Amino acid sequence: MLSAFLSAFRTPDLRKKLLFTVGIIAIYRLGATLPSPGVSYGNVQKCLDTIQGDSTSVLNLLNLFSGGALLQLSVFALGIMPYITASIILQLLTVVIPRLEQLRKEGQAGQAKITQYTRYLTLGLGVLQASAFVALARSGQLFNNQCDQFPIIPEGTGIPDWLTLTILVMTMTAGTGVVMWLGELITDRGVGNGMSVLIFTSIAARLPSEGWQIKQSQGWWKFFLVIALVLVVITAVTFIEQAQRRIPVQYAKRMIGRRMYGGTSTYIPLKVNQAGVIPVIFGSSLLYLPQLALQFFDQTNPGKTQAWIQNNLVDPTSPIYIAVYFLLIIFFTYFYVSITFNPTEVADNMKKYGGFVPGIRPGKPTADYLDFILSRITLPGALYLGIISILPNFFFIWLDKQQYMNFPFGGTAVLIMVGVGLETTKQIESQLMQRNYEGFLR
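What you see is a predicted model; the values in this text were computed from it and never measured. (Residues numbered from 1 in each chain as written. Predicted model: local features only at pLDDT ≥ 70, side-chain atom pairs only at ≥ 80, totals over all residues. Heavy atoms only, no water.)

Considerations on the overall build of the protein
Phase 1 of the analysis: When you go through the protein residue by residue, the secondary structure sums to 17 helices and five strands.
Phase 2 of the analysis: Counting all 442 residues of the protein, 45% fall into the buried class.
Phase 3 of the analysis: A separation threshold of at least 6 residues defines the contact pool for the protein, and within that pool the share at least 24 residues apart is 73%.
Phase 4 of the analysis: Of the roughly 22900 Å² that the protein leaves accessible, carbon and sulfur atoms contribute 63%. (Helix = DSSP H or I, 4+ residues; strand = E, 2+ residues; numbered from the N terminus. Buried < 20%, exposed > 50% of the residue type's maximum accessible area, 1.4 Å probe, protein only. Contact = heavy atoms within 4.5 Å. Areas by Shrake-Rupley, 256 points an atom, 1.4 Å probe, with all protein chains shown as cover.)

Brief notes about the sheet that holds strand E4 (residues 265-271)
Phase 1 of the analysis: Overall, antiparallel pairing links the three strands, which are arranged E4-E1-E5 in an open sheet. In this open sheet, the two edge strands, each paired with only one partner strand, are E4 and strand E5 (355-356). (Pairing = 2+ DSSP bridges.)

What about the nonpolar core?
Phase 1 of the analysis: The biggest cluster of nonpolar side chains holds 62 residues, and the ones touching the most others in it are Ile80, Val237, Ile247, Ile268, Leu270, Val280 and Leu415.
Phase 2 of the analysis: Here the element with the most residues in this core is helix H14 (residues 319-340); it accounts for ten residues.
Phase 3 of the analysis: Residues contacting Ile80, with those up to four places away along its chain left out, are Val179, Met195 and Ile199.
Phase 4 of the analysis: Residues Val39, Leu78, Leu136 and Ala137 belong to the second largest nonpolar core, which totals 16 residues. (Core = buried A, V, L, I, M, F, W, Y, C linked by side-chain atoms within 4.5 Å.)

Things to note about a nonpolar patch on the surface
Phase 1 of the analysis: A cluster of nonpolar side chains, Ile89, Leu93, Val95, Val96 and Ile97, forms an exposed patch at the surface whose accessible area comes to about 380 Å².
Phase 2 of the analysis: A residue is classified by how much of its surface remains accessible, and Leu93, at 33% relative accessible area, is partly exposed. (Patch = residues over 30% accessible without salt bridge, like charges linked within 9 Å, V, L, I, M, F, W, Y side chains within 5 Å. Salt bridge = Lys/Arg side-chain N within 4 Å of Asp/Glu carboxyl O.)

Focus: the side chain of Glu241
Phase 1 of the analysis: Note on placement: Glu241 falls in helix H10 (residues 220-241).
Phase 2 of the analysis: There is a polar contact of 2.9 Å between the side chain of Glu241 and the side chain of Tyr384.
Phase 3 of the analysis: Residue contacts for Glu241: discarding those within four places in its chain leaves Lys271, Asn273, Tyr384, Leu415, Val418 and Leu422. (Polar contact = N/O pair within 3.5 Å; in protein donor to acceptor, adjacent residues only side chain to side chain.)

Section: the packing of aromatic side chains
Phase 1 of the analysis: This model, assessed by the stated rule, comprises four aromatic pairs.
Phase 2 of the analysis: Summarising the aromatic geometry, the rings of Tyr321 and Tyr325 are spaced 6.3 Å apart at their centres and angled 50° between planes, so their arrangement reads as tilted. Linking Tyr321 with Tyr325, this pair stays in helix H14, spanning four residues, or about one helical turn. Both residues of the pair, Tyr321 and Tyr325, belong to the buried class.
Phase 3 of the analysis: Between the aromatic rings of Phe331 and Phe332, the centroid separation amounts to 5.2 Å while the plane-to-plane angle is 65°, which identifies the pairing as edge-to-face.
Phase 4 of the analysis: By relative accessible area, which is 11% here, Phe332 ends up buried.
Phase 5 of the analysis: Aromatic rings pair up to connect Phe331, Phe332 and Phe335 into one cluster. (Phe/Tyr/Trp six-rings, centres within 6.5 Å; stacked < 30°, edge-to-face > 60°.)

Concerning the pattern of salt bridges
Phase 1 of the analysis: Applying the stated criterion to the full structure yields four salt bridges.
Phase 2 of the analysis: In this structure, the salt-bridge partner of Arg104 is Glu345, at a minimum N-O distance of 3.7 Å. On the criterion of sequence distance, the pair formed by Arg104 in helix H6 (residues 98-105) and Glu345 in helix H15 (residues 343-352) is long-range, its members being 241 residues apart.
Phase 3 of the analysis: When its relative accessible area of 38% is taken as the criterion, Arg104 is described as partly exposed.

Remarks on helix H9 (residues 194-218)
Phase 1 of the analysis: Over its 25 residues, H9 extends 36 Å from the first C-alpha to the last, a length consistent with the 36 Å expected when each residue adds 1.5 Å.
Phase 2 of the analysis: In the structure, H9 departs most strongly from a straight axis at Leu207, where the bend amounts to approximately 35° and where the proline Pro208 lies between one and four residues downstream.
Phase 3 of the analysis: Two or three places before Met195, at the opening of H9, Asn193 has a side-chain oxygen 3.2 Å from that residue's backbone nitrogen.
Phase 4 of the analysis: Residue Gly219 follows H9 closely and has a positive phi angle near 100°. (Expected span 1.5 Å × (residues − 1). Bend = angle between axes of the 7 residues up to and from the residue.)

Looking at the pairing of strand E1 (residues 244-251)
Phase 1 of the analysis: Bridging between E1 and E4 involves seven bridges; their strand directions are antiparallel. Opposite Gln244, over in E4, you have Lys271 as the bridge partner.
Phase 2 of the analysis: One ladder, built from two bridges, connects E1 with E5; its direction is antiparallel. Considered in E5, the bridge of Gln250 is made with Phe356.

Topic: the packing of helix H5 (residues 81-96) against H14
Phase 1 of the analysis: One can describe the packing of H5 onto H14 by two numbers: an axis separation of 10 Å at closest approach and a directional angle of 60°. Viewed along their axes, H5 and H14 adopt a mutual orientation that is oblique. At the point where H5 passes H14, the crossing takes the left-handed sense. Across the interface between the two elements, Gln91, Leu92 and Val95 from H5 touch Phe335, Tyr336, Ile339 and Thr340 from H14. (Axes fitted to C-alpha atoms, helices over the stretch in contact; angles between N-to-C directions. Parallel < 35°, antiparallel > 145°, perpendicular 65-115°, else oblique. Left-handed = near helix turned anticlockwise from the far one by under 90°.)

With respect to the environment of Glu241
Phase 1 of the analysis: Classification of Glu241 as buried rests on a relative accessible area of 11%.
Phase 2 of the analysis: A distance of 2.7 Å separates polar atoms of two side chains, one belonging to Glu241 and the other to Asn273.

A word on the environment of Tyr336
Phase 1 of the analysis: Structurally, the position occupied by Tyr336 is in helix H14.
Phase 2 of the analysis: On the basis of relative accessibility, which here comes to 8%, the residue Tyr336 falls in the buried class.

Looking at the packing of helix H7 (residues 108-139) against helix H8 (residues 161-189)
Phase 1 of the analysis: Running from amino to carboxyl end, H7 crosses H8 at an angle of 140°, the nearest separation of the two axes being 9 Å. Considering their axes alone, H7 and H8 lie oblique with respect to each other. Handedness of the crossing formed by H7 with H8: right-handed. In this structure, H7 uses Thr115, Arg119, Thr122, Leu123, Gly126, Val127, Ala130, Ser131, Val134 and Arg138 to contact H8, whose residues at the interface are Asp161, Leu165, Leu168, Val169, Met172, Thr173, Thr176, Gly177, Met180 and Glu184.

As for the confidence of the model for the protein
Phase 1 of the analysis: Taken as a whole, the protein shows an average pLDDT of 79; of its residues, 80% reach a score of 70 or greater.
Phase 2 of the analysis: Element-level mean pLDDT values for the protein span from 60 in helix H4 (residues 57-65) up to 89 in H8.
Phase 3 of the analysis: Confidence over residues 402-406 falls short of pLDDT 50; this stretch has 21 contacts with residues more than four positions distant or in other chains.
Phase 4 of the analysis: Contacts of residues 438-442 to residues separated by more than four positions or lying in other chains number zero contacts, the stretch itself having pLDDT below 50. (pLDDT = per-residue confidence, 0-100.)

This is how it looks when you write it as structure tokens:
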């Protein structure tokens, strides 16, 4: 990987792309630390020092994607999460709404229309999420009511409260639009997928400080042992992320006009982890519902039901919590793979262009064969995602429950960082190969 980056810097046009990407990342990190109007930055820092990362799991998942900007209510507080949510919603609706499915099949023009819908939905979700987080910060629930002595949005400043809150929501929503634009700039003029690169940057920005907190609270030997275990996990994730089942495909020769086409052999790459990190995000979001349900109970006089939910569905070290999280990830892995890969559509496209799997008849037998293979490789992929995701929970038990929210090497973070790193490196290597291809002709 390092050799690929060094070779890229020696190539003038690739060097410009890399420097452009670094510049956009610097602007993104600046916006992630820039306070929004109406927010007391000093009180935010005091509050973060007081709670030491103790917040709800879903807020820390969102805080992970924003590089720590969410709990600071900065300009880029929402980060890229509204765009991710909008993309997932549009992807799911494509299966349900025939119009969207037709647009997806129209090629580049249809994809541009879907991208436009995604942008509109992103801004709509940005308004809703910004309003929700501002309301949580105003009531103190963003920090579990532990920062009442440090008001995040001070009152009595001489400006009407409704105007302050409106400007704050508009600023955070506009920040979401700017982040989306920066990601698209990286995709068009930089290196790698812009949205993925920004997520990678957000996660990487938190690793040094939060890793150092483990050293301060647990000591050197546990710190180095955690680092060693994380390196082992990253190696395993890298190996499995690149694992795939290749289905051989042959194309029959066809005579079109006076030219002969076809007669080539290729393959369909079916990845073991076909679903990516989406099932982990879905599972984490659903596990926020019990935490949300606790807000409707009487906090001064907790009952048996409230105590059971707190001990079994909110505590990340509970065996029930770990089991439910693991099963949710397996379920969503099968669900997401089933809606993103259609064996019937793939078999029909192969049949249309004269392709066939050796030993399998075209049409429905090919679709059944692909479905059989996909169902078999999805199981190890689902187990892999589940194990990687619950592995940090055992770290929480071993380290300390208070370190739960400060653990920087969670399953979601490792999966995203490894996936984005591999994809970006492959793109750089492919561009280097294109520019050096002329050397083979000399």
